[in-house]
Amino acid sequence: MKLNMDVDVHHLTRVEGHGNIVVRVREGKLEEARWDVVETPRYFEVMLKGKHYTSAAPLTSRICGICSMGHQLASLRATENAFGVVIPPAAEKLRLLAKHAETLQSHALHLFFLAAPDFLGAPSALPIAESHPEVVQTAVRIKGAANRMATIVAGRAVHPVSLHVGGVQRMPKELRELKDIMARTLEDLLAVVPLFETFSIPEFTRETEFVSLEGNGHYPWIGGNLVSTDGVQKKEQQYLEMTNEYLDKNNTSKWARLSRNSFAVGALARFNNNYKSLLPEAKSLAKKLGLKPVSHNPFHNNLAQLIECVHVVAEAQKLIAELEGMQNEPTMAEEIKPSKGQGVGAVEVPRGILYHHYTYDADGRIKKANCIIPTTQNNANIHYDMYDLVDQFAAQGMDSTQLELMCSMLVRAYDPCISCSVH
Amino acid sequence: MKYLGIEPKRLRVGVFDFTSCEGCELQFANKEETLLDFLGAIDIVNFREISSDQGKDYDIAFVEGSITRSDEFARIIEIRRQAKILVALGSCACFGGVNALKNAYNLTDANREVYGTAPRETLPTRAIKEVVPVDMEIPGCPVNKDEVERIVQHLIWSIPFNFPEHPVCLECKQRFTTCVFEKGQLCLGPITRGGCTAPCPAGGTGCWGCRGEAAEPNFKEFSKIAHERGFSDLEISERMAFFGGFEGEK
Ligand code: SF4
Ligand code: SF4
Ligand code: SF4
């Protein structure tokens, strides 16, 4: 039978920001399959011009409410690299702990509230609170633990207030409490694994290039070299050669490419490039879930996120123990002297690698700014994935309702942060 | 008892976003200790970010973000038509927030800078009240979830709620936070409206004025103090412009 099919999703639900799905199949032949980002641009790079260096992190934080911590960390790192500021070891640990709080919060939000409803056949997590109350209670507790950690370490979960150029404003007093919370969270995470094992992950693969930071014995989060599964290696400052942004007429977000016409960043990319550096708890979960590098199934990003949750909680426990022995150490650099020059900060935020790049004048005011967002890097890849997915699944005789769900689930698997990608 | 024309039962709520970072609507899913009870007290009929249900029968619309493109006009007008009560959620919605910083630049140049020869449509940033009438405003970047809860309780059960107008300093003192001026930082706490519980000074950062101006702020006295501590007019005015909340001044 020759099929005609149309999918037209205007403003996809359960994703951050505004994007549309358009699919057209005529007589069994795929004519069009598009992922269009239509978010309103805010022009952050323009607003940053002329701003004092102390405003850069608070301003770029507002690019995204979900990954505000990551934006601040990339922003601070870019400024510190430009001025040659070295932050004290205690501040490095606190920042990584704050980073882990965000990763856990964001992954938990995505896994339980945005992605899981599709696998359980619900429109949202609200009915799941009735059908699977224990799961939702556990999910809420995990997210609460993440936000509590963010508040203790960085002063607030959404748009944190304690991270400054030069370090972190204060050493938290509640490390003891945090230790207990993280121990309980690890148990909570392991308790929800059986549910994820019941999810039927769509069988779809498309050979993809995966880009992330390179871990040198440590699963990477803040700074370092850039790598891809196609063998590209660059320094942090060479990020432009890794991203190659260009414009697509249907999108307010830019697109990016490297060795192929698109690439992917995010939890699965980090997992694919740095599986070896995962902590044992996370590695054994990967084995349990049967996820091995390199996976080319974009739906596996959900599993990679769950594995990363376990990794960051296990690492948070180590960091807290180390910080308990550093209570009296400084958390701020002694001196911050603005100087003319430029700096890049690369940080692995929940959805992938984020770059901030600032050029400063001698007074510490920004002359030029560039922010390259993970979802910006993923948008072209989502688009090409969708084309192949529709092609494969339509050929298998999937109807348009199922196809719409598959396309929506594909986009959600990337956990896109759309307003962020346009900024 | 009816209040603002609404029966006191589970409120049918819609949450909508315009140009924003979506951090304020994220606060709806935060404060986990009361989250399930909070969600139990309201009936969410439309909240695109967390649900595929997109009902139109909401009584209360919480609107996040500012208006910066022509297609957003039609959407906000439709929401205003449907909602019995429209609440502006967060500084972007109340007074433009950081989005309004772009209004200081030439938008044609801004477009060229970001999109080169393929400019995208954009308008000067407007607060929601500049486009449609707004019944209530919850400022903050992000909003304080406690305050959202109290407003919802106020709307369901008519529990009295007064928008705080006192300055942030008062709440800062209640937490016994060391004043950040002592640490050499600028703080807008004396002239900014409280209600946030002063998380910024407690976290080691001066107040940036995200909630807008307090009742009868004494700008003169504030400038004098800030000058004495070595802060310039430029620093003060840049700080006040950051969230766009000091509409009367500068
Ligand atoms: S007010 Fe702040 S937190 Fe809320 S949407 Fe606007 S930028 Fe985000
Ligand atoms: S830190 Fe700011 S808000 Fe707190 S007392 Fe000092 S001036 Fe007031
Ligand atoms: S202290 Fe100031 S900047 Fe911080 S939340 Fe309160 S009003 Fe906003």
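Residues numbered from 1 in each chain as written. Chains lettered and ligands numbered in written order. Predicted model: local features only at pLDDT ≥ 70, side-chain atom pairs only at ≥ 80, totals over all residues. Heavy atoms only, no water.

Caption draft 1: Seen up close, the overall build of chain A. A count of helices and strands for chain A gives 14 helices and 11 strands. For chain A, the distance from the average site of its 44 positive side-chain charges to the average site of its 47 negative ones is 4 Å. (Helix = DSSP H or I, 4+ residues; strand = E, 2+ residues; numbered from the N terminus. Lys, Arg positive; Asp, Glu negative; His and termini not counted. Charge placed at Lys NZ, Arg CZ, Asp CG, Glu CD.)

Caption draft 2: Layout of the domain arrangement of chain B. Residue and element names in this part refer to chain B. The domain architecture assigned to chain B consists of domain 1 (12-157) and domain 2 (168-241). Taking the mean C-alpha position of each, domain 1 and domain 2 sit 26 Å from one another. Counting residues at the interface gives eight residues for domain 1 and eight residues for domain 2. Summing both sides of the interface, domain 1 and domain 2 together bury roughly 590 Å²; the carbon and sulfur share of this comes to 47%. Scanning the region where domain 1 abuts domain 2 turns up one salt bridge. Glutamate 147 is the partner of arginine 211 in a salt bridge, and the nearest nitrogen-oxygen pair spans 3.0 Å. Viewed at the interface, domain 2 and domain 1 are joined by four residue pairs in polar contact (both at pLDDT 80 or more). Of the residues assigned to the side of domain 1 that touches domain 2, the class counts are four nonpolar, three polar and one charged. (Domains from an automatic or database assignment. Contact = heavy atoms within 4.5 Å. Buried area = accessible area lost by both parts, 1.4 Å probe. Salt bridge = Lys/Arg side-chain N within 4 Å of Asp/Glu carboxyl O. Polar contact = N/O pair within 3.5 Å; in protein donor to acceptor, adjacent residues only side chain to side chain. Nonpolar A, V, L, I, M, F, W, Y, C, P; charged D, E, K, R; others polar.)

Caption draft 3: Region of the structure containing the interface of chain B and chain A. Between chain B and chain A, the residue contacts involve 55 residues of the former and 60 residues of the latter. Carbon and sulfur atoms supply 59% of the area buried between chain B and chain A, which totals about 4900 Å² over both sides. Between the two partners, chain B and chain A, sit three salt bridges. For the salt bridge of B:Glu238 with A:Arg365, the shortest nitrogen-to-oxygen distance reads 2.9 Å. Across the contact surface, chain B and chain A share 33 residue pairs in polar contact (both at pLDDT 80 or more). Among the elements of the structure, helix H1 (23-28), helix H2 (32-41), helix H3 (70-82), helix H5 (107-115), helix H8 (199-202) and helix H10 (233-241) of chain B are those that each provide at least two residues to the side of chain B that touches chain A. A per-element tally of the side of chain B that touches chain A places H5(B) first, with five residues.

Caption draft 4: A look at the pairing of strand S11 (residues 366-372) of chain A. All names here are of chain A. Summarising burial for S11: five of the seven residues are buried, a large majority. Direction of pairing for strand S10 (residues 352-360) relative to S11: antiparallel, over a ladder of six bridges. Across the sheet, the residue bridging to tyrosine 355 is isoleucine 372, located in S11. Between S10 and S11, which follow one another and run antiparallel, lie five residues, and glycine 364 among them has a positive phi close to 80 degrees. (Buried < 20%, exposed > 50% of the residue type's maximum accessible area, 1.4 Å probe, protein only. Pairing = 2+ DSSP bridges.)

Caption draft 5: Region of interest: the nonpolar core. Within the largest apolar cluster, 179 residues are counted, with the highest numbers of intra-cluster contacts made by A:Ile21, A:Phe112, A:Phe271, A:Val390 and B:Phe62. Examining the composition of this core, we find that 16 residues originate from one element, helix H4 (residues 89-119) of chain A, more than from any other. In contact with B:Phe62, not counting residues within four places along its chain, are B:Val13, B:Gly14, B:Val15, B:Phe16, B:Phe28, B:Val87, B:Leu89, B:Ile138 and B:Val152. (Core = buried A, V, L, I, M, F, W, Y, C linked by side-chain atoms within 4.5 Å.)

Caption draft 6: Representation of the environment of A:Ala380. Residue and element names in this part refer to chain A. Along the polypeptide, alanine 380 turns up in helix H12 (residues 374-395). When the C-alpha atoms of alanine 380 and glutamine 327 are compared, they prove to be 46 Å apart, with 53 residues separating the residues in sequence. Once residues within four sequence positions are removed from consideration, alanine 380 is found in contact with Tyr246, Trp255, Ala256, Asn261 and Ser262.

Caption draft 7: Fine view of the site of ligand 3. Neighbouring ligand 3 are the residues A:Arg156, B:Val168, B:Thr192, B:Cys196, B:Pro199, B:Cys200, B:Pro201, B:Cys207, B:Trp208, B:Gly209, B:Cys210 and B:Arg211. Among the chains of the assembly, those with residues near ligand 3 are chains A and B. Of all the elements, H8(B) adds the most residues to the shell around ligand 3, at three residues. Among the residues forming the shell around ligand 3, the class breakdown is eight nonpolar, two polar and two charged. (Near = heavy atom within 4 Å.)

Caption draft 8: Layout of the confidence of the model for chain B. Residue and element names in this part refer to chain B. Summing up the model confidence of chain B, the mean pLDDT is 91 and the portion of residues at 70 or higher is 95%. Summarising per-element confidence for chain B, the mean pLDDT is lowest in H5 (85) and highest in H8 (98). The ipTM for the predicted assembly is 0.93, set against a pTM of 0.95. (pLDDT = per-residue confidence, 0-100.)

Caption draft 9: Broad picture of the environment of A:His107. Residues and elements named next belong to chain A. Assignment of secondary structure puts histidine 107 in helix H4. A relative accessible area of 0% places histidine 107 in the buried class. Setting aside chain neighbours within four positions, we find histidine 107 in contact with Ala267, Arg270, Gln305, Glu308, Cys309 and Pro350.

Caption draft 10: The arrangement of the sheet that holds strand S9 (residues 341-349) of chain A in detail. Residue and element names in this part refer to chain A. Pairing is antiparallel across the open sheet formed by three strands, whose spatial order is S9-S10-S11. The sheet is open, and its two borders are formed by S9 and S11, each paired with just one other strand. Taking the axes of each pair of neighbouring strands and ignoring which way they run, one obtains an average angle of 10 degrees across the sheet. (Axes fitted to C-alpha atoms, helices over the stretch in contact; angles between N-to-C directions.)

Caption draft 11: Structural view of the pattern of salt bridges. All names here are of chain A. One pass over the structure, following the stated rule, counts 41 salt bridges over all chains. The salt bridge involving lysine 93 is made with glutamate 322; its shortest N-O contact spans 3.0 Å. Linking lysine 93 in helix H4 with glutamate 322 in helix H11 (residues 301-324), this pair joins segments that are 229 residues apart in sequence. We classify glutamate 322 as partly exposed; its relative accessible area is 37%. Linked by salt bridges that have partners in common, Arg24, Glu31, Glu32, Arg34 and Asp36 make up one network.

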